[in-house]
Amino acid sequence: MQTIVASVDLGSNSVHLLVASITEHRIEPLVDESAFLGLGAAVAERGYLGRLARADLAATLRGYAEQARQLGAVGLTFLGTEPIRRAADAGAVVHEVTLATGVFLLLLSHLEEGFLTIIGVTEGRPVSHETLVVDVGGGSSEFCIADPVQQPRAAGLRLGCARLTDRFATHDPPSASEIAAMRTAAVAAVRDAPAATPAEIVAVGGTASNLLKVAPGAVEDRILTRDRIEQALALLAIEPAAAAAERYRMKPIRARILPAGAAILGAILDHYGVDRLRVSDAGVREGAVLAVAHAGPAWRDRLADLAHGWRTCPTAAEAQLSRASSRPRRSQPTARPSLARALVGSRSRRRRARPDRPSAEDVSLRARG
């Protein structure tokens, strides 16, 4: 059965829409677009969004809601994250968005945001080993830890690439001393990250996905090692953000804050003693559409259980693929020599053994030949 669901994530840097068709837990994006509104920077500067920023946000969300409805979405969620949580005018934001769109804006806690992220990354499957999922945003970083036994745990740090850039980087590109200061601050902040011994780290969000474009070789395998992060940071430090944005095909504001993002991801690897992380395109939006498609309107009340995984059986498509890959290949039959060839071989051996006395069979075969 196919269900069309939509979700909008109000992040510190971008407001991002996903409209997707869900069939047996498989996500097929129909619309996947974003608007760079810089909500986190506005809140960091003055402590609130303000009337003009709220109006811009409401207009953007009104357009997103219209797109989702035109595509037949039966569920549409607006997810307020770090900038809305911190905004002094969060109540006005919720009220004005609801009036403009007819959709209530949900203010997610760090825990809820982490749960949705783990659902998006795992697609509802239980994990087989301890896994840390991190999302380095503009104003905060979200950590969610899942393991095969316990329910996932999540926490957030007020450590983001825009926040770190605004605090330390005044030059474009940042100077060596500014990069060193961002590294030091990131290492200090990550000490408060939740305790874990992950066998795998998965990074989601714009920071990690854009670093893939810069780090040599990372686009092919979607892996960021410590060396690749260092190489990306070195490349970002030699040219202004506008030039880097054109070279690596990203927004200039994203290129401007990406060195701080690299410093944060490097600090996370060092803190957990892991050499590499995998980058996933999935995240809080994918988690939301899967949760709504699976649990309906009560998804938020069941979020902790959903994050632990509910898919105990493969989908029909996955089962078919598994059967095809595990089906034993038909072995080629061993070549069996014909009776005539066997006889000839036997007779040849006899001829070699007694060349001076041809057998009666030899005489008969020669006569037939």
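A word on helix α13 (residues 284-295). For α13, built from 12 residues, the straight-helix expectation of 16 Å at 1.5 Å per residue is met to within 8% by its first-to-last C-alpha distance of 16 Å. By the criterion of burial, α13 is predominantly enclosed, with 10 of the 12 residues buried. Considered for burial, the residues of α13 that qualify are Val-284, Arg-285, Glu-286, Gly-287, Ala-288, Val-289, Leu-290, Ala-291, Val-292 and Ala-295. Each element contacted by the buried residues of α13 is listed here: β1 (2-10), β2 (14-23), β3 (26-36), β4 (75-80), α5 (110-122) and α14 (303-307). A positive phi of about 70° marks Gly-296, the residue just after α13.

Turning our attention to helix α4 (residues 90-101). Over its 12 residues, α4 runs 16 Å from end to end, which matches the ideal 16 Å to within 8%, given 1.5 Å per residue. Elements in contact with the buried residues of α4: α2 (51-70), β4, α3 (82-86) and β5 (105-107). Trailing α4 by a residue or two, Gly-102 shows a phi angle of about 75°, which is positive.

Turning next to the sheet that holds strand β6 (residues 131-136). Strand order in this open sheet of 6 strands is β8-β7-β6-β9-β11-β10, and the pairing throughout is mixed. Single-partner strands in this sheet number two, and they are β8 (153-157) and β10 (223-225). Each strand axis lies, on average, 25° off the axis of its neighbour in the sheet, ignoring direction. Across 2 bridges, the pairing between strand β9 (residues 200-204) and strand β11 (residues 276-279) is parallel. Along β11, the bridge assignment pairs Val-202 with Arg-278. Sitting on the sheet, helix α8 (residues 206-214) is in contact with β6, β9, β10 and β11, with an inclination near 85° to β10.

Tracing the backbone shows Ala-65 in helix α2. Sequence separation of Ala-65 and Phe-78 is 13 residues, and the distance between their C-alpha atoms is 9.4 Å. Setting aside its immediate chain neighbours within four residues, Ala-65 contacts Leu-76, Phe-78 and Thr-101.

The next thing to look at is the pairing of β1. Counted residue by residue, β1 has 7 buried out of 9 residues, so it is predominantly covered. Here β1 runs beside β2; their pairing, made up of 9 bridges, is antiparallel. Its bridge partner being in β2, Leu-10 is matched across the sheet by Val-15. Linking β1 back to β2 in an antiparallel pair, the connection comprises 3 residues. Bridge count for β1 against β4 is 6 bridges, and the pairing is parallel. Residue pairing across strands places Val-5 opposite Gly-75, the latter belonging to β4.

If you want to describe how two helices pack, look at the angle between their axes and the distance between the axes. Axis separation between α5 and α13 bottoms out at 6 Å; the angle between their running directions is 80°. When the interaxial angle is binned, α5 and α13 end up roughly perpendicular. Contacts between α5 and α13 involve Glu-113, Leu-116, Thr-117, Ile-119 and Gly-120 from the first element and Val-284, Glu-286, Gly-287, Ala-288, Leu-290 and Ala-291 from the second.

Evaluated as defined, the whole model comprises 17 salt bridges. Linking Arg-285 and Asp-9 is a salt bridge whose minimum nitrogen-to-oxygen distance equals 3.3 Å. Taken as a pair, Arg-285 in helix α13 and Asp-9 in strand β1 lie far apart in primary sequence, 276 residues in all. Residue class for Arg-285 comes out buried when judged on its relative accessible area of 14%. Judged by relative accessible area, Asp-9 falls into the buried class, the value being 11%. With its nearest N and O atoms 2.8 Å apart, the salt bridge here joins Arg-226 to Asp-270. Of the two residues, Arg-226 sits in helix α10 (residues 226-236) while Asp-270 sits in helix α12 (residues 252-272), which places them 44 residues apart along the sequence. A cluster of three or more residues bridged by salt bridges with shared partners is formed by Glu-82, Arg-85, Arg-86, Glu-113 and Glu-142.

Thresholds applied
Residues numbered from 1 in each chain as written. Predicted model: local features only at pLDDT ≥ 70, side-chain atom pairs only at ≥ 80, totals over all residues. Heavy atoms only, no water. Helix = DSSP H or I, 4+ residues; strand = E, 2+ residues; numbered from the N terminus. Expected span 1.5 Å × (residues − 1). Buried < 20%, exposed > 50% of the residue type's maximum accessible area, 1.4 Å probe, protein only. Contact = heavy atoms within 4.5 Å. Pairing = 2+ DSSP bridges. Axes fitted to C-alpha atoms, helices over the stretch in contact; angles between N-to-C directions. Parallel < 35°, antiparallel > 145°, perpendicular 65-115°, else oblique. Salt bridge = Lys/Arg side-chain N within 4 Å of Asp/Glu carboxyl O.

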